[in-house]
Amino acid sequence: MFGMSFRDLLIRIFALTLSLSFHEFAHAWTAYRLGDATAAERGRLSLNPMAHLDPLGTMAILLAGIGWAKPVPVNPARFDRKYSVQKGMFLTAVAGPIANLILATISMFIMQTWFFAARVIVLQGGNLVGGPFTAVFTDILTALLNMNIALAFFNLLPLPPLDGSRIFGAILPKKLYFTIMQYERYIGMAFFLILIFGRGLIGTVIYYISYPFRWLITIPLSTFFDWLLKFFY
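Below: a short report on this structure.

How each quantity is defined
Residue numbers run consecutively from 1 along every chain, following the written order of its sequence. This being a predicted model, a pLDDT of at least 70 is required before a residue's local features are given, and a value of 80 or more before pairs of side-chain atoms are given or counted; all residues contribute to the totals for chains, interfaces and linings. Hydrogens and water molecules were not included; the side-chain quantities draw on all heavy atoms of the structure. Runs of E in the DSSP output that reach at least two residues are strands. Runs of H or I that reach at least four are helices, and both are numbered from the N terminus. For every residue, the accessible area (1.4 Å probe, protein chains only) is compared with the maximum for its type, and the residue is labelled buried under 20%, exposed over 50%, or partly exposed between those bounds. Here, residues are in contact when the closest pair of their heavy atoms is within 4.5 Å. Under the convention used here, a 1.4 Å probe and the Shrake-Rupley method define accessible areas, while residue burial counts only the protein chains that appear. Patch construction takes residues with relative accessible area above 30% that form no salt bridge. Like charges are linked within 9 Å, and nonpolar side chains (Val, Leu, Ile, Met, Phe, Trp, Tyr) are linked within 5 Å. Salt bridges are defined by distance alone: a side-chain nitrogen of Lys or Arg within 4 Å of a carboxyl oxygen of Asp or Glu. Here, nonpolar core means buried Ala, Val, Leu, Ile, Met, Phe, Trp, Tyr and Cys residues that are tied together by side-chain atoms lying within 4.5 Å of each other. Definition of a polar contact: a pair of N or O atoms within 3.5 Å, with one able to donate and the other able to accept a hydrogen when the atoms are protein atoms, and with sequence-neighbouring residues admitted only if both atoms are side-chain atoms. For helices, the axis comes from a line fit to the C-alpha atoms of the stretch in contact; other axes are also lines fit to C-alpha atoms, and the angle between any two N-to-C directions lies between 0 and 180 degrees. Left-handed describes a crossing whose near helix is turned anticlockwise from the far helix by less than a right angle; the clockwise case is right-handed. Think of it as three bins: nonpolar holds Ala, Val, Leu, Ile, Met, Phe, Trp, Tyr, Cys and Pro, charged holds Asp, Glu, Lys and Arg, and polar takes everything else, Gly as well. Multiplying 1.5 Å by the helix residue count minus one yields the expected span of that helix. Cavities and pockets were defined on a 1 Å grid built from protein atoms only: a cavity is a group of points that admits a 1.4 Å probe but offers it no way out, a pocket is an open group of points flanked by protein on both sides within 12 Å along at least five of seven lines, and a lining residue is one with an atom within 4 Å of any such point. Grid points are joined across faces, edges and corners, and a volume is the space filled by probe spheres set on the points. For Phe, Tyr and Trp, rings pair up if their centres lie within 6.5 Å, where Trp contributes its six-membered ring, and each pair is then called stacked (planes under 30 degrees apart), edge-to-face (over 60) or tilted (otherwise).

What to know about the overall build of the protein
Then, in step 1: For the protein, the helix and strand inventory stands at nine helices and zero strands.
Then, in step 2: Counted from the first residue to the last, the protein has its helices and strands arranged as α-α-α-α-α-α-α-α-α.
Then, in step 3: Expressed as a percentage of the 233 residues in the protein, the buried residues total 39%.
Then, in step 4: When contacts within the protein are restricted to residue pairs at least 6 apart in sequence, those whose partners lie at least 24 apart make up 74%.
Then, in step 5: Taken as a whole, the protein presents about 13,300 Å² of accessible surface, with 70% of it coming from carbon and sulfur.

What about a nonpolar patch on the surface?
Then, in step 1: Residues Tyr 207, Tyr 208, Tyr 211, Trp 215, Leu 216 and Ile 219 make up a contiguous nonpolar surface patch of roughly 690 Å² in combined accessible area.
Then, in step 2: If you trace the backbone, Tyr 208 turns up in helix 9 (residues 199-229).

Looking at the nonpolar core
Then, in step 1: Formed by 25 residues in total, the largest nonpolar core has its most connected members in Leu 145, Ile 149, Phe 153, Phe 154, Ile 202 and Phe 213.
Then, in step 2: Listing elements by their share of this core, those giving two or more residues are helix 4 (85-123), helix 5 (132-155), helix 8 (184-197) and helix 9.
Then, in step 3: If you tally residues by element for this core, the top one is helix 9, at seven residues.
Then, in step 4: In this structure, Ala 15, Leu 16, Ala 69 and Met 147 belong to the second largest nonpolar core, which totals nine residues.

Describing the side chain of His 52
Then, in step 1: Relative to the helices and strands, His 52 is located in the loop between helix 2 (38-41) and helix 3 (55-64).
Then, in step 2: Residue His 52 is classed as buried on the basis of its relative accessible area of 0%.
Then, in step 3: From its side chain, His 52 meets the backbone oxygen of Ser 46 in a polar contact 2.5 Å long.

Looking at the packing of helix 1 (residues 6-33) against helix 4
Angle between the axes and distance between the axes: these two values describe a pair of packed helices.
Then, in step 1: Viewed as axis vectors pointing N to C, helix 1 and helix 4 meet at an angle of 140 degrees, and their least axial separation amounts to 8 Å. Our pair here, helix 1 against helix 4, has a crossing hand that is right-handed. Residue-level contacts link Leu 18, Ser 19, Phe 22, His 23, Ala 26, His 27, Thr 30 and Ala 31 of helix 1 to Leu 91, Thr 92, Ala 93, Ala 95, Gly 96, Pro 97, Ala 99, Asn 100 and Leu 103 of helix 4.
Then, in step 2: Class assignment of the residues belonging to the contact of helix 1 with helix 4 gives a composition of 10 nonpolar, seven polar and no charged.

Here we look at the environment of Ile 187
Then, in step 1: As for its position among the elements, Ile 187 is in helix 8.
Then, in step 2: The partly exposed category is assigned to Ile 187, whose relative accessible area is 26%.
Then, in step 3: For the pair Ile 187 and Leu 159, spaced 28 residues apart in sequence, the C-alpha separation works out to 7.1 Å.
Then, in step 4: Once residues lying within four places of it in the same chain are set aside, the contact partners of Ile 187 are Leu 159, Pro 160 and Ile 180.

Let's talk about helix 4
Along an α-helix, a turn takes 3.6 residues, which lines up residues three or four apart on a common side.
Then, in step 1: Look at helix 4: 57 Å from first C-alpha to last across 39 residues, which is about the 57 Å you get at 1.5 Å a residue.
Then, in step 2: Phi turns positive, to about 85 degrees, at Gly 125, one or two residues after helix 4.

Points about the layout of surface pockets
Then, in step 1: The computed volume of the second largest pocket comes to approximately 310 Å³.
Then, in step 2: If you trace the second largest pocket, you find 19 residues lining it, with Pro 71, Pro 161, Leu 162, Asp 163 and Arg 166 closest to the centre.
Then, in step 3: Counting residues per element, the ones that place at least two in the lining of the second largest pocket are helix 1, helix 6 (163-171) and helix 7 (174-181).
Then, in step 4: It is helix 1 that provides the largest number of residues to the lining of the second largest pocket, a total of four residues.

A look at the packing of aromatic side chains
Then, in step 1: As enumerated under the stated definition, the model contains 12 aromatic pairs in all.
Then, in step 2: Here the aromatic rings of Phe 116 and Phe 225 are separated by 5.2 Å at their centres, their planes lie at 35 degrees, and the arrangement is tilted. Taken together, the positions of Phe 116 in helix 4 and Phe 225 in helix 9 put the pair 109 residues apart, joining distant regions of the chain.
Then, in step 3: Judged by its relative accessible area of 5%, Phe 225 is buried.

Laid out in C-alpha cells, this is it:
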C-alpha cells in the first residue's frame, strides 16, 4: 500500500471488496442451497462488503496482497439428509474459490472483448478513444483478474483458517483429520507468521500453482478473438 497512488489504492479497494464479497456470498449461498440457513440468518447471504470484511484480513490484503474475510458460519447438522456432512462441507468450502475463479474468468473475457473492440475500430479506420477512462477501466479489470486468482489459490492452501483446510478435511479419513485438527491452533499461528514474514514466498507459490489456470483462460480467449479478427481485415 505504501508508495501506491491514491488512484491505484481505490482500484485495489474496489477489487478487494467485490472479490471478497463474492467469495463469502458463494459460501453462504451454497450452504443455504444445501439446507443450512445459518449464514443467511446472520446476514451473510449478501453481496454487501460490510457483511463480510474482516479488519485484519482486509489490511493483510491491502499491505501484502493476500488475506481473508470473516468466515461464513456453517452448521453441518442442518444440511439436507441427502448430503453427508463431508460432502456438504466440501461443497460449501470449495464454493468460495470457484466463485473467485468465475469472477476472474469474467474479468478476462471482458478485457479480451475490450481489446478486440479496440483493434476492430483501428482496422476499420476509426480513431481509438483513449484517455483516463480507458486506463482506469483496464486497470480495474486487471486488478479483478489478479486478485480473484490470488484469492482462489490462496484459499485452496490446506492450512487453517483457509478454505483448503476444510476442503481437504472433507476428503481425508476422519481419524487423520481429527488428529490434524488437534494442532489447528498452532498451525494457524505458524501460518500467520509465515504470512507476515514470508509473503513474498507465498506469493511466488501462488503464482506458479495458478499459472495453469491463467493459461487456461488466456490462450483460448486470445485464440478465439484472433480468429474472429480475421473477418474484419
